[in-house]
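Here's the letter readout for the chains.
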Amino acid sequence: MARRREKSSNDAQEKVVRHPLLVYYNLGKRYRSPGILFILLGMLSFLPFFIEDLENDLIDPNTAAGVGAVLILVGLAFVLFARLAMRRSYVQCMPDLMLVRTPFYSALVSYRRIKQSQSVQVSQIYPKESLKGIGKPLMRPLLAMTAVEVLVSSWPVPKKKLQRYLSKYLFSARSEAWLFIVPNYAALNRQLDSAIGRQMDERKGTSSGYLDPFERLKLQQK
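Definitions and limits used
- Residues numbered from 1 in each chain as written.
- Predicted model: local features only at pLDDT ≥ 70, side-chain atom pairs only at ≥ 80, totals over all residues.
- Heavy atoms only, no water.
- Helix = DSSP H or I, 4+ residues; strand = E, 2+ residues; numbered from the N terminus.
- Buried < 20%, exposed > 50% of the residue type's maximum accessible area, 1.4 Å probe, protein only.
- Contact = heavy atoms within 4.5 Å.
- Areas by Shrake-Rupley, 256 points an atom, 1.4 Å probe, with all protein chains shown as cover.
- Patch = residues over 30% accessible without salt bridge, like charges linked within 9 Å, V, L, I, M, F, W, Y side chains within 5 Å.
- Salt bridge = Lys/Arg side-chain N within 4 Å of Asp/Glu carboxyl O.
- Axes fitted to C-alpha atoms, helices over the stretch in contact; angles between N-to-C directions.
- Parallel < 35°, antiparallel > 145°, perpendicular 65-115°, else oblique.
- Left-handed = near helix turned anticlockwise from the far one by under 90°.
- Nonpolar A, V, L, I, M, F, W, Y, C, P; charged D, E, K, R; others polar.
- Pairing = 2+ DSSP bridges.
- Expected span 1.5 Å × (residues − 1).

Draft legend 1. Local environment of the overall build of the protein chain. A tally of regular secondary structure across the protein chain gives 9 helices and 7 strands. When the 222 residues of the protein chain are sorted by exposure, 35% land in the buried category. Sequence separation of 24 or more characterises 71% of the internal contacts of the protein chain that already satisfy a separation of 6 or more. Counting only carbon and sulfur atoms, one obtains 56% of the accessible surface of the protein chain, whose full area is about 14100 Å².

In structure tokens form, the structure reads like this:
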């Protein structure tokens, strides 16, 4: 009995695991450094108010303070975005749906839309020579990693809309599929396989008229 309870507890914990999306983690790191720099520069602009020796006729202290305030606000915005990107971007296998969450957009995907999940080398989907612009610093550290490619039969909303709000690197370049680069790809793959199998079993049970013993008991009591 204790083992069964322990197993059920472990299963429940596994279902709520959030797998960080490393593409957004890298994006957050890129914004964090300039954000901190802007904040420091902004704070330096206020020094003439506190240190008289720094006052000069070339720059008005009030003007410098105004510029400093703007720099601080921009820096705070960068740091806030970096924090959201690094801590609130993940994929999670919930009991009935897969949740893909990013700082400003979330997508819920039914397991019925998923055909299969498989592990792939990131460099096979996005070769080094295909990376351009911001994709180079975001993806180069991840090329040697293994990701989870989730092939789907359809999308929860039109794919073009998803691509507008989500990073292009959350989508496979070779097929109709999601691409999740996470720290523990094996755990995510296992959870997806389990969820897809459970969904198939439920559909078979419904089509055959099978009812769970607890559901039968509820009907009898009614």
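Draft legend 2. Up close: a nonpolar patch on the surface. Among the surface-exposed residues, Leu37, Leu41, Leu44 and Leu47 lie close enough to one another that they form a single nonpolar patch of about 330 Å² accessible area. With 3 residues, the single largest contributor to the nonpolar patch is helix 2 (residues 22-44). Examined against the element boundaries, leucine 44 turns out to sit in helix 2.

Draft legend 3. Broad picture of the packing of helix 2 against helix 4 (residues 61-87). Interhelical geometry of helix 2 versus helix 4 gives an angle of 160 degrees and a closest axis separation of 7 Å. Between helix 2 and helix 4, the angle falls in the class roughly antiparallel. Here helix 2 and helix 4 pass one another in a crossing that is left-handed. When its residues are assigned to classes, the contact of helix 2 with helix 4 shows 20 nonpolar, 5 polar and 2 charged.

Draft legend 4. Molecular detail of the sheet that holds strand 2 (residues 90-93). Across the sheet, which stays open at both edges, the 4 strands sit in the order 1-2-3-4 with antiparallel pairing between neighbours. Looking at the sheet topology across the chains shown, the edges are occupied by strand 1 (18-20) and strand 4 (106-110). Averaged over all neighbouring strand pairs, the angle between strand axes comes to 20 degrees, with direction disregarded. When strand 2 meets strand 3 (residues 97-101), the two strands line up antiparallel, connected through 4 bridges. Each residue of the ladder has a partner; that of tyrosine 90, found in strand 3, is arginine 101.

Draft legend 5. Structural view of helix 2. The first and last C-alpha atoms of helix 2 sit 34 Å apart over 23 residues, in line with the 33 Å expected at 1.5 Å per residue. For helix 2, every residue scored as buried is listed here: Leu22, Val23, Tyr24, Asn26, Leu27, Gly28, Gly35, Ile39 and Gly42. Tucked inside the fold, the buried residues of helix 2 contact strand 1, helix 4, helix 6 (135-139) and helix 7 (159-165).

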